[in-house]
Amino acid sequence: MPLTIEAALSAGRTALEGAGVETSALDARLLLEAAMDADTARIVAEPDQALDTRQEEQYRWFLERRQNREPISQILGRRAFWKDEFEVTADTLTPRPDSETLIELAVDHFRRGAPRRILDLGTGTGCLLLSVLREFPDAAGVGVDVTPGACQAALRNARRLGLDSRTRIICGNWGTAIGGVFDLILCNPPYIAERERETLPPEVTEFEPHQALFAGVRGLDAYRALIPGLAAKLAPGGALIVEIGHGQGAGIGQILMESGFYVAARARDLANRERCLLATVAHT
Ligand SMILES: C[S@@+](CC[C@H](N)C(=O)[O-])C[C@H]1O[C@@H](n2cnc3c(N)ncnc32)[C@H](O)[C@@H]1O
């Protein structure tokens, strides 16, 4: 008997619940929408509509992967961030809504004079760089990542969003391979402390790239490695915006200060946690 939308949603919800997925109803719907190439309105309005064989096979395959706790973003290969949708792969961190705080802070800080040269360290999907390039149409940017697969994904995202003529992607170690100065430097480095590994869900520990997540005992190793070289890369009047983890504000503020920066602004995410710092350099 053909499977209807209503029956598929119900079976999917039960299967995902059994696998410990907290958002089972939402995830079943998202996977069904993707399998049927349908929008939410159709899924809601046509509960008696039957899936064809290909749609049913696809849905079962998606459900199986989600039952193994693969993140929805990797199953679908995309995630919305700021004003666009970004390709996501096993080599890239899935863009998080909290990171939109960096874009808001950049837009707010540069509202009286847009940056022209932008650097994004640890670009991953390119979501930070490409979102600020969309906000500042006269700017050009460089994204750097150490993971070749992430660099390729960032480049594909730039092309798909029509921003490739203003984007360069470089595979390398933080800012070491980059010459010149920038008006805006963005960085969302790995910042999870090793001891937190056990508290994370399998979606993160088993599927997201560890190079994008973990950074030593206190989660500060990447900041220590990359911040000291950055003051020399900031143009006069420029700003560095870094994402930080919960409770890391004081430690990273100290690293910034020791590296010639002054913390000029702090911004909080939707959960009211301090999420990023904006630092400048006093040029003489
Ligand atoms: C937390 S993810 C951020 C990804 C993306 N910018 C975002 O906000 O979603 C950190 C990124 O830094 C990259 N990375 C880790 N170590 C690096 C290094 N030494 N040099 C350059 N990039 C590095 C990782 O591959 C990963 O893509």
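Reading guide: rules and limits
- Residues numbered from 1 in each chain as written.
- Predicted model: local features only at pLDDT ≥ 70, side-chain atom pairs only at ≥ 80, totals over all residues.
- Heavy atoms only, no water.
- Phe/Tyr/Trp six-rings, centres within 6.5 Å; stacked < 30°, edge-to-face > 60°.
- Buried < 20%, exposed > 50% of the residue type's maximum accessible area, 1.4 Å probe, protein only.
- Helix = DSSP H or I, 4+ residues; strand = E, 2+ residues; numbered from the N terminus.
- Core = buried A, V, L, I, M, F, W, Y, C linked by side-chain atoms within 4.5 Å.
- Axes fitted to C-alpha atoms, helices over the stretch in contact; angles between N-to-C directions.
- Parallel < 35°, antiparallel > 145°, perpendicular 65-115°, else oblique.
- Left-handed = near helix turned anticlockwise from the far one by under 90°.
- Contact = heavy atoms within 4.5 Å.
- Nonpolar A, V, L, I, M, F, W, Y, C, P; charged D, E, K, R; others polar.
- Near = heavy atom within 4 Å.
- Polar contact = N/O pair within 3.5 Å; in protein donor to acceptor, adjacent residues only side chain to side chain.
- Areas by Shrake-Rupley, 256 points an atom, 1.4 Å probe, with all protein chains shown as cover.
- Pairing = 2+ DSSP bridges.
- Salt bridge = Lys/Arg side-chain N within 4 Å of Asp/Glu carboxyl O.

### What about the packing of aromatic side chains?
Next up, step 1: What the rule picks out here adds up to two aromatic pairs.
Next up, step 2: Considering the side-chain rings of Phe-81 and Phe-86, the 6.2 Å spacing of their centres and the 75° angle between planes classify their relative orientation as edge-to-face.
Next up, step 3: Judged by relative accessible area, Phe-81 falls into the buried class, the value being 1%.
Next up, step 4: Phe-86 sits in the buried class, given a relative accessible area of 0%.

### Considerations on the environment of Pro-2
Next up, step 1: Note on placement: Pro-2 falls in the segment before helix H1 (5–18).
Next up, step 2: Between the C-alpha atoms of Pro-2 and Glu-56, which are 54 residues apart in sequence, the distance is 8.9 Å.

### Quick look at the nonpolar core
One broad trend across soluble globular proteins is that nonpolar side chains are buried collectively.
Next up, step 1: Counting 30 residues, the largest nonpolar core has Leu-121, Tyr-223, Ile-252 and Phe-261 as its most contacted members.
Next up, step 2: Broken down by secondary-structure element, the contributors of at least two residues to this core are strand S3 (117–121), strand S4 (140–145), strand S6 (182–187), helix H10 (221–226), strand S7 (234–243), helix H11 (249–258) and strand S9 (274–280).
Next up, step 3: Within the second largest apolar cluster, 26 residues are counted, among which are Phe-86, Ile-118, Leu-128 and Ala-239.

### Observations regarding the packing of helix H6 (residues 100–109) against helix H7 (residues 127–135)
Next up, step 1: Packing of H6 against H7 brings their axes to within 10 Å, and their N-to-C directions diverge by 30°. One finds that H6 runs roughly parallel with respect to H7. The element H6 and its partner H7 pack so that their crossing is right-handed. Here Leu-102, Ile-103, Ala-106 and Val-107 of H6 lie close against H7, whose contacting residues are Leu-128, Ser-131, Val-132 and Glu-135.
Next up, step 2: The residue makeup of the contact of H6 with H7, split by class, is six nonpolar, one polar and one charged.

### So, unusual backbone geometry
Next up, step 1: One non-glycine residue, Arg-69, lies in positive phi territory at about 75°.
Next up, step 2: Tracing the chain through its elements places Arg-69 in the loop between helix H4 (53–67) and helix H5 (72–76).
Next up, step 3: Phi is positive for Trp-82, which is not a glycine, with a value near 55°.
Next up, step 4: Here Trp-82 shows up in the loop between strand S1 (78–81) and strand S2 (84–87).

### Digging into the site of the ligand
Next up, step 1: In the neighbourhood of the ligand, 17 residues make up the surrounding shell, with Gly-122, Asp-145, Asn-173, Trp-174 and Asn-188 lying closest.
Next up, step 2: For the ligand, an oxygen atom lies 2.6 Å from a polar atom in the side chain of Asp-145.
Next up, step 3: Within the contact set of the ligand, a nitrogen atom lies 3.4 Å away from a backbone nitrogen or oxygen of Gly-172.
Next up, step 4: For the ligand, the protein covers 95% of the area, taking 600 Å² as the surface of the free molecule.
Next up, step 5: Here the residues of the shell around the ligand are counted per class, giving eight nonpolar, eight polar and one charged.

### Some words on the sheet that holds S4
Next up, step 1: With mixed pairing, the seven strands of this open sheet are ordered in space as S5-S4-S3-S6-S7-S9-S8. What marks the edges here is a single partner per strand, and that holds for strand S5 (167–171) and strand S8 (262–268). The average undirected angle you get between the axes of adjacent strands in this sheet is 15°.

### Some words on the pattern of salt bridges
Oppositely charged side chains are able to pair whenever their charged atoms sit close together.
Next up, step 1: In the structure shown here, the tally under the stated rule is 19 salt bridges.
Next up, step 2: In this structure, Glu-33 and Arg-29 form a salt bridge, with 2.6 Å as the shortest nitrogen-oxygen distance. A residue pair is termed a helical-turn pair when its members lie 3 or 4 positions apart in one helix, as Glu-33 and Arg-29 do in helix H2 (residues 24–36) at four residues.
Next up, step 3: Since its relative accessible area comes to 12%, Glu-33 is described here as buried.
Next up, step 4: Among the salt bridges present, the one from Arg-42 reaches Glu-46, with a minimum N-O distance of 3.4 Å.

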